[in-house]
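# Report on the structure
One letter stands for each residue in the lines below.
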Amino acid sequence: MRCARIPVLFGMAAMAAGCVSTTEPGAAGVNRQQLLIVPASMVERVATLQYERRALRALEAGRLVRRGPEYARLQRIAARLEAHAPFFRADAAEWQWQLILIDAPLVNASCAPGGKISFYTGMLRQLHLSDDEIAAVIGHEIAHALREHGRERMSLVFLQEVLGGKPRTAPPTEKEAETLTEPFIHALFVAPNTQRNEIEADAIGLELAARAGYDPRATLELWRKLQAHPQQRLPEFNATHPSAATRVQDIEALLPRLVPLYEEARAARADRRV
Ligand SMILES: [Zn+2]
(Lines give C-alpha, C1' and ligand atoms only; values in the text may rest on other atoms or scores of the structure.)
Protein backbone atom coordinates (compact mmCIF):
# COMPACT_ATOMS: atom_id res chain seq x y z
CA MET A 1 0.00 0.00 0.00
CA ARG A 2 1.52 3.25 -1.08
CA CYS A 3 0.73 6.12 1.29
CA ALA A 4 0.38 8.50 -1.65
CA ARG A 5 -3.00 6.92 -2.50
CA ILE A 6 -4.54 7.77 0.87
CA PRO A 7 -5.42 11.43 0.15
CA VAL A 8 -7.98 10.28 -2.39
CA LEU A 9 -9.85 8.65 0.47
CA PHE A 10 -9.15 10.72 3.51
CA GLY A 11 -7.83 14.08 2.42
CA MET A 12 -4.47 15.66 2.99
CA ALA A 13 -4.95 16.04 6.74
CA ALA A 14 -5.41 12.32 7.26
CA MET A 15 -2.45 11.68 5.03
CA ALA A 16 -0.23 13.91 7.14
CA ALA A 17 -1.37 12.21 10.33
CA GLY A 18 -1.25 8.70 8.93
CA CYS A 19 2.08 8.32 7.19
CA VAL A 20 5.09 8.59 9.45
CA SER A 21 7.94 6.44 10.61
CA THR A 22 7.43 5.51 14.27
CA THR A 23 11.13 5.08 15.03
CA GLU A 24 14.45 6.81 14.45
CA PRO A 25 16.53 5.07 11.80
CA GLY A 26 19.57 4.44 14.02
CA ALA A 27 22.49 2.45 12.65
CA ALA A 28 20.14 -0.21 11.29
CA GLY A 29 18.60 2.42 9.01
CA VAL A 30 14.91 1.42 9.19
CA ASN A 31 13.07 4.49 7.91
CA ARG A 32 9.93 3.28 6.10
CA GLN A 33 6.87 5.54 6.17
CA GLN A 34 3.99 3.70 7.85
CA LEU A 35 0.23 3.71 7.37
CA LEU A 36 -1.13 4.49 10.86
CA ILE A 37 -4.77 5.51 10.62
CA VAL A 38 -6.27 3.91 13.74
CA PRO A 39 -5.40 5.66 17.04
CA ALA A 40 -2.46 4.31 19.06
CA SER A 41 -4.50 4.67 22.29
CA MET A 42 -7.13 2.23 20.96
CA VAL A 43 -4.53 -0.35 19.91
CA GLU A 44 -2.73 -0.09 23.23
CA ARG A 45 -5.99 -0.50 25.17
CA VAL A 46 -6.98 -3.63 23.24
CA ALA A 47 -3.50 -5.10 23.65
CA THR A 48 -3.40 -4.33 27.37
CA LEU A 49 -6.79 -5.97 27.96
CA GLN A 50 -5.64 -9.11 26.18
CA TYR A 51 -2.30 -9.09 28.07
CA GLU A 52 -4.07 -8.81 31.42
CA ARG A 53 -6.39 -11.68 30.49
CA ARG A 54 -3.43 -13.85 29.48
CA ALA A 55 -1.69 -13.13 32.80
CA LEU A 56 -4.87 -13.86 34.77
CA ARG A 57 -5.46 -17.16 32.95
CA ALA A 58 -1.85 -18.19 33.65
CA LEU A 59 -2.20 -17.18 37.30
CA GLU A 60 -5.44 -19.17 37.69
CA ALA A 61 -3.79 -22.19 36.07
CA GLY A 62 -0.79 -21.91 38.40
CA ARG A 63 1.48 -21.19 35.43
CA LEU A 64 2.50 -17.59 36.07
CA VAL A 65 6.15 -17.59 37.15
CA ARG A 66 6.71 -14.58 39.40
CA ARG A 67 9.96 -15.42 41.15
CA GLY A 68 13.04 -17.58 40.80
CA PRO A 69 16.20 -17.44 38.67
CA GLU A 70 14.50 -17.72 35.26
CA TYR A 71 12.15 -14.84 35.96
CA ALA A 72 14.93 -12.70 37.46
CA ARG A 73 17.16 -13.37 34.45
CA LEU A 74 14.49 -12.32 31.95
CA GLN A 75 13.64 -9.22 33.98
CA ARG A 76 17.29 -8.20 34.10
CA ILE A 77 17.80 -8.61 30.34
CA ALA A 78 14.49 -6.93 29.43
CA ALA A 79 15.28 -3.96 31.71
CA ARG A 80 18.58 -3.36 29.90
CA LEU A 81 16.84 -3.46 26.52
CA GLU A 82 13.98 -1.22 27.68
CA ALA A 83 16.48 1.39 28.87
CA HIS A 84 17.66 1.81 25.26
CA ALA A 85 14.22 1.82 23.60
CA PRO A 86 13.95 5.65 23.83
CA PHE A 87 16.88 5.84 21.40
CA PHE A 88 14.42 4.70 18.72
CA ARG A 89 11.40 6.63 19.97
CA ALA A 90 11.43 9.09 22.88
CA ASP A 91 7.97 8.21 24.20
CA ALA A 92 9.13 4.66 25.04
CA ALA A 93 10.65 6.23 28.17
CA GLU A 94 7.07 6.70 29.41
CA TRP A 95 5.84 3.18 28.56
CA GLN A 96 4.64 1.08 31.49
CA TRP A 97 6.89 -1.88 30.70
CA GLN A 98 5.85 -5.28 32.01
CA LEU A 99 7.12 -8.83 31.59
CA ILE A 100 5.24 -12.03 32.33
CA LEU A 101 6.80 -15.50 32.27
CA ILE A 102 4.35 -18.33 31.59
CA ASP A 103 5.25 -21.91 32.38
CA ALA A 104 4.23 -23.69 29.18
CA PRO A 105 6.09 -25.81 26.60
CA LEU A 106 5.84 -23.18 23.88
CA VAL A 107 8.74 -21.79 21.92
CA ASN A 108 7.23 -18.35 21.91
CA ALA A 109 7.58 -14.74 23.06
CA SER A 110 5.87 -11.45 22.20
CA CYS A 111 5.71 -7.78 23.07
CA ALA A 112 2.34 -6.04 22.88
CA PRO A 113 2.01 -2.33 22.10
CA GLY A 114 3.11 -0.16 25.00
CA GLY A 115 5.78 -2.61 26.18
CA LYS A 116 3.93 -5.67 27.50
CA ILE A 117 6.32 -8.61 27.13
CA SER A 118 5.27 -12.27 27.35
CA PHE A 119 7.83 -15.08 27.49
CA TYR A 120 7.29 -18.84 27.74
CA THR A 121 9.49 -21.25 29.67
CA GLY A 122 9.49 -23.59 26.66
CA MET A 123 11.57 -21.12 24.70
CA LEU A 124 14.06 -20.68 27.51
CA ARG A 125 14.40 -24.36 28.39
CA GLN A 126 14.05 -26.15 25.06
CA LEU A 127 16.49 -23.87 23.23
CA HIS A 128 18.87 -23.48 26.21
CA LEU A 129 19.17 -19.77 25.46
CA SER A 130 22.20 -17.72 26.43
CA ASP A 131 21.70 -14.16 27.72
CA ASP A 132 22.71 -12.80 24.29
CA GLU A 133 20.14 -15.06 22.58
CA ILE A 134 17.41 -14.02 25.02
CA ALA A 135 18.27 -10.39 24.24
CA ALA A 136 17.93 -11.16 20.51
CA VAL A 137 14.45 -12.64 21.07
CA ILE A 138 13.15 -9.91 23.39
CA GLY A 139 14.79 -7.18 21.29
CA HIS A 140 13.00 -8.49 18.19
CA GLU A 141 9.64 -8.52 19.98
CA ILE A 142 10.17 -5.04 21.47
CA ALA A 143 11.03 -3.80 17.96
CA HIS A 144 7.60 -4.92 16.68
CA ALA A 145 6.04 -2.82 19.46
CA LEU A 146 8.28 0.20 18.79
CA ARG A 147 7.39 0.05 15.09
CA GLU A 148 3.66 -0.40 15.93
CA HIS A 149 3.34 -3.19 13.39
CA GLY A 150 0.03 -4.30 14.95
CA ARG A 151 -1.39 -0.81 14.53
CA GLU A 152 -0.33 -0.87 10.90
CA ARG A 153 -2.20 -4.14 10.32
CA MET A 154 -5.32 -2.72 12.00
CA SER A 155 -5.07 0.43 9.90
CA LEU A 156 -5.01 -1.70 6.79
CA VAL A 157 -8.22 -3.44 7.95
CA PHE A 158 -9.88 -0.04 8.38
CA LEU A 159 -8.75 1.04 4.94
CA GLN A 160 -10.00 -2.20 3.40
CA GLU A 161 -13.38 -1.73 5.11
CA VAL A 162 -13.70 1.79 3.72
CA LEU A 163 -12.61 0.69 0.26
CA GLY A 164 -15.03 -2.23 0.51
CA GLY A 165 -17.93 0.15 1.08
CA LYS A 166 -18.47 -0.34 4.84
CA PRO A 167 -20.46 2.62 6.19
CA ARG A 168 -17.63 3.75 8.44
CA THR A 169 -16.47 7.34 8.52
CA ALA A 170 -13.88 7.20 11.31
CA PRO A 171 -11.48 4.60 12.71
CA PRO A 172 -12.46 2.83 15.97
CA THR A 173 -11.59 4.77 19.12
CA GLU A 174 -10.22 3.73 22.52
CA LYS A 175 -13.80 3.62 23.84
CA GLU A 176 -14.57 0.89 21.31
CA ALA A 177 -11.62 -1.25 22.44
CA GLU A 178 -13.84 -3.91 24.02
CA THR A 179 -16.32 -4.11 21.16
CA LEU A 180 -14.03 -4.25 18.17
CA THR A 181 -15.09 -6.42 15.27
CA GLU A 182 -13.30 -9.66 14.53
CA PRO A 183 -11.19 -8.42 11.59
CA PHE A 184 -9.48 -5.84 13.83
CA ILE A 185 -8.85 -8.38 16.60
CA HIS A 186 -7.52 -10.86 14.06
CA ALA A 187 -5.23 -8.22 12.57
CA LEU A 188 -3.70 -7.41 15.96
CA PHE A 189 -3.37 -10.85 17.54
CA VAL A 190 -3.52 -13.52 14.86
CA ALA A 191 -2.38 -12.20 11.50
CA PRO A 192 1.32 -12.82 10.96
CA ASN A 193 3.72 -10.01 10.35
CA THR A 194 4.79 -9.38 6.79
CA GLN A 195 8.30 -10.31 5.76
CA ARG A 196 9.09 -6.61 5.59
CA ASN A 197 8.03 -6.14 9.22
CA GLU A 198 10.08 -9.13 10.34
CA ILE A 199 13.17 -7.74 8.66
CA GLU A 200 12.56 -4.40 10.42
CA ALA A 201 12.14 -6.15 13.78
CA ASP A 202 15.34 -8.13 13.26
CA ALA A 203 17.30 -4.98 12.45
CA ILE A 204 15.97 -2.76 15.25
CA GLY A 205 15.91 -5.60 17.78
CA LEU A 206 19.56 -6.43 17.16
CA GLU A 207 20.60 -2.80 17.38
CA LEU A 208 18.69 -2.53 20.66
CA ALA A 209 20.52 -5.62 21.96
CA ALA A 210 23.90 -4.26 20.81
CA ARG A 211 23.29 -0.88 22.46
CA ALA A 212 22.36 -2.71 25.69
CA GLY A 213 25.66 -4.62 25.60
CA TYR A 214 24.43 -7.95 24.19
CA ASP A 215 26.33 -9.55 21.34
CA PRO A 216 24.21 -9.24 18.16
CA ARG A 217 26.16 -12.12 16.58
CA ALA A 218 24.32 -14.45 18.99
CA THR A 219 21.23 -14.23 16.81
CA LEU A 220 22.97 -16.48 14.26
CA GLU A 221 23.19 -19.24 16.87
CA LEU A 222 19.58 -18.55 17.88
CA TRP A 223 18.57 -19.11 14.26
CA ARG A 224 20.54 -22.33 14.12
CA LYS A 225 18.74 -23.55 17.24
CA LEU A 226 15.32 -22.60 15.85
CA GLN A 227 16.03 -24.38 12.59
CA ALA A 228 17.23 -27.51 14.41
CA HIS A 229 14.32 -27.59 16.84
CA PRO A 230 12.14 -30.57 15.98
CA GLN A 231 8.69 -29.01 16.05
CA GLN A 232 8.24 -25.90 18.09
CA ARG A 233 9.12 -22.55 16.61
CA LEU A 234 7.87 -19.09 17.27
CA PRO A 235 4.55 -19.02 15.44
CA GLU A 236 5.72 -15.87 13.74
CA PHE A 237 8.85 -17.68 12.55
CA ASN A 238 7.12 -19.73 9.87
CA ALA A 239 5.96 -19.62 6.28
CA THR A 240 5.31 -15.92 5.98
CA HIS A 241 8.71 -15.06 7.33
CA PRO A 242 11.64 -14.42 5.06
CA SER A 243 13.44 -17.67 4.45
CA ALA A 244 15.96 -18.47 7.13
CA ALA A 245 18.81 -18.11 4.62
CA THR A 246 17.65 -14.64 3.54
CA ARG A 247 17.19 -13.59 7.10
CA VAL A 248 20.61 -14.78 8.16
CA GLN A 249 22.13 -12.97 5.17
CA ASP A 250 20.37 -9.73 6.16
CA ILE A 251 21.59 -10.09 9.74
CA GLU A 252 25.16 -10.81 8.62
CA ALA A 253 25.07 -7.67 6.46
CA LEU A 254 24.05 -5.59 9.48
CA LEU A 255 26.66 -6.94 11.88
CA PRO A 256 29.55 -4.69 10.77
CA ARG A 257 27.43 -1.71 11.85
CA LEU A 258 26.12 -3.30 15.06
CA VAL A 259 29.14 -5.11 16.51
CA PRO A 260 31.00 -1.81 17.17
CA LEU A 261 27.94 -0.56 19.10
CA TYR A 262 28.03 -3.74 21.17
CA GLU A 263 31.75 -3.43 21.85
CA GLU A 264 31.33 0.20 22.86
CA ALA A 265 28.46 -0.68 25.22
CA ARG A 266 30.39 -3.58 26.69
CA ALA A 267 33.45 -1.38 27.30
CA ALA A 268 31.26 1.27 28.95
CA ARG A 269 29.72 -1.35 31.24
CA ALA A 270 33.18 -2.68 32.14
CA ASP A 271 34.35 0.88 32.98
CA ARG A 272 31.38 1.35 35.30
CA ARG A 273 32.26 -1.86 37.13
CA VAL A 274 35.90 -0.82 37.76
ZN1 LIG B 1 8.72 -11.04 14.48
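Another aspect to go through is the packing of aromatic side chains. Here the structure, examined in full by the defined rule, presents 2 aromatic pairs. Residues F87 and F88 carry aromatic rings whose centres are separated by 5.1 Å and whose planes lie at 90 degrees to one another, so their mutual orientation is edge-to-face. Given a relative accessible area of 36%, F87 falls into the partly exposed group. Of note, R80 hangs over the ring of Y214, and the distance from its end group to the ring centre comes to 3.9 Å. One cation-aromatic arrangement involves R211 over F87; the distance from NZ or CZ to the ring centre is 3.6 Å.

Okay, the sheet that holds strand β6 (residues 116–120) next. Pairing in this open sheet of 4 strands is mixed, and the strands run β3-β4-β6-β5 from one edge to the other. The sheet terminates laterally at β3 (64–65) and β5 (109–112), the two strands that pair on one side only. Most of the contacts of helix α2 (residues 40–60) go to strand β4 (residues 98–102), to which it runs at about 35 degrees, and overall it touches β3, β4, β5 and β6. Together, β4, β5 and β6 form the strand contacts of helix α5 (residues 131–147), whose direction differs from that of β5 by roughly 30 degrees.

To continue, consider helix α9 (residues 218–228). Within the sequence span of α9, burial applies to A218, T219, L222, W223, K225 and L226. The arc that holds every buried residue of α9, seen down its axis, measures 160 degrees, which confines them to one face.

With that settled, consider the pattern of salt bridges. Scanning the entire structure with this criterion turns up 16 salt bridges. For E200, the salt bridge is made with R147, and the minimal N-O distance between the two is 2.9 Å. Of the two residues, E200 is situated in helix α8 (residues 195–211) and R147 in helix α5; the sequence distance between them amounts to 53 residues. Since its relative accessible area comes to 0%, R147 is described here as buried.

With that settled, the discussion passes to α5. Taking 1.5 Å of rise per residue, 17 residues should cover 24 Å, and α5 covers 24 Å from first to last C-alpha, within 8% of that figure. Across the 17 residues of α5, 15 count as buried, placing the element largely inside the fold. Just downstream of α5, E148 is the residue with a positive phi angle, here 55 degrees.

Right, let's get into the confidence of the model for the protein. Confidence in the prediction for the protein averages 86 pLDDT; 86% of positions are at 70 or higher. Least confident of the elements in the protein is helix α1 (residues 6–18), whose mean pLDDT is 47; most confident is helix α3 (residues 69–84), at 98. Contacts of residues 4–8 to residues separated by more than four positions or lying in other chains number 8 contacts, the stretch itself having pLDDT below 50. The low-confidence segment residues 11–16, where pLDDT is below 50, has 6 contacts with residues more than four positions distant or belonging to other chains.

Let us look at the packing of helix α6 (residues 149–163) against helix α7 (residues 182–189). The contact between α6 and α7 brings their axes to 8 Å, and the two run at 150 degrees. Here α6 lies roughly antiparallel to α7, going by the angle between them. In this structure, the crossing between α6 and α7 has a hand that is right-handed. Seen from α6, the contacting residues are G150, R153, M154, V157, F158 and E161; seen from α7, they are P183, F184, A187 and L188. When its residues are assigned to classes, the contact of α6 with α7 shows 7 nonpolar, 1 polar and 2 charged.

Rules used throughout
- Throughout this document, residue positions are counted from 1 along each chain, in the order its sequence is written.
- With the structure being a predicted model, the display of local features is reserved for residues of pLDDT at least 70 and the display and counting of side-chain atom pairs for 80 or more, all residues being used for whole-chain, interface and lining totals.
- The side-chain values count all of the structure's non-hydrogen atoms but skip hydrogen atoms and water molecules.
- Each pair of aromatic rings taken from Phe, Tyr and Trp, with Trp reduced to its six-membered ring, is defined by centres within 6.5 Å and is described as stacked if the planes are under 30 degrees apart, edge-to-face if over 60, and tilted in the remaining cases.
- In this scheme, a residue with accessible area under 20% of its type's maximum is buried, one over 50% is exposed, and one in between is partly exposed, where area comes from a 1.4 Å probe on protein chains only.
- In this analysis the charged atom, NZ for Lys or CZ for Arg, is taken to sit over a ring once it is within 6 Å of the ring centre and within 35 degrees of the ring normal.
- Here, any two strands with at least 2 DSSP bridges between them count as paired.
- Each helix is a run of DSSP H or I of at least 4 residues and each strand a run of E of at least 2, with the numbering of both proceeding from the N terminus.
- Whether two residues are in contact is decided by their heavy atoms: any pair within 4.5 Å suffices.
- An axis is simply a line fitted to the C-alpha atoms; with a helix, the fit covers only the stretch in contact. Between two such axes, the angle follows the N-to-C directions and lies from 0 to 180 degrees.
- In this description, one arc is meant: the one made by directions from the helix axis to the C-beta atoms.
- Think of a salt bridge as a Lys or Arg side-chain nitrogen and an Asp or Glu carboxyl oxygen that are within 4 Å of each other.
- Expected span of a helix, by definition, is 1.5 Å for each gap between consecutive residues, and there is one gap fewer than residues.
- pLDDT measures the predictor's confidence residue by residue and takes values from 0 up to 100.
- Here roughly perpendicular refers to angles of 65 to 115 degrees, roughly parallel to angles under 35, roughly antiparallel to angles over 145, and oblique to all remaining angles.
- Left-handed is the label given to a crossing in which the near helix is rotated counterclockwise from the far helix by less than a right angle, and right-handed is the label when the rotation is clockwise.
- Three categories are distinguished: nonpolar for Ala, Val, Leu, Ile, Met, Phe, Trp, Tyr, Cys and Pro, charged for Asp, Glu, Lys and Arg, and polar for the others, with Gly belonging to the last.

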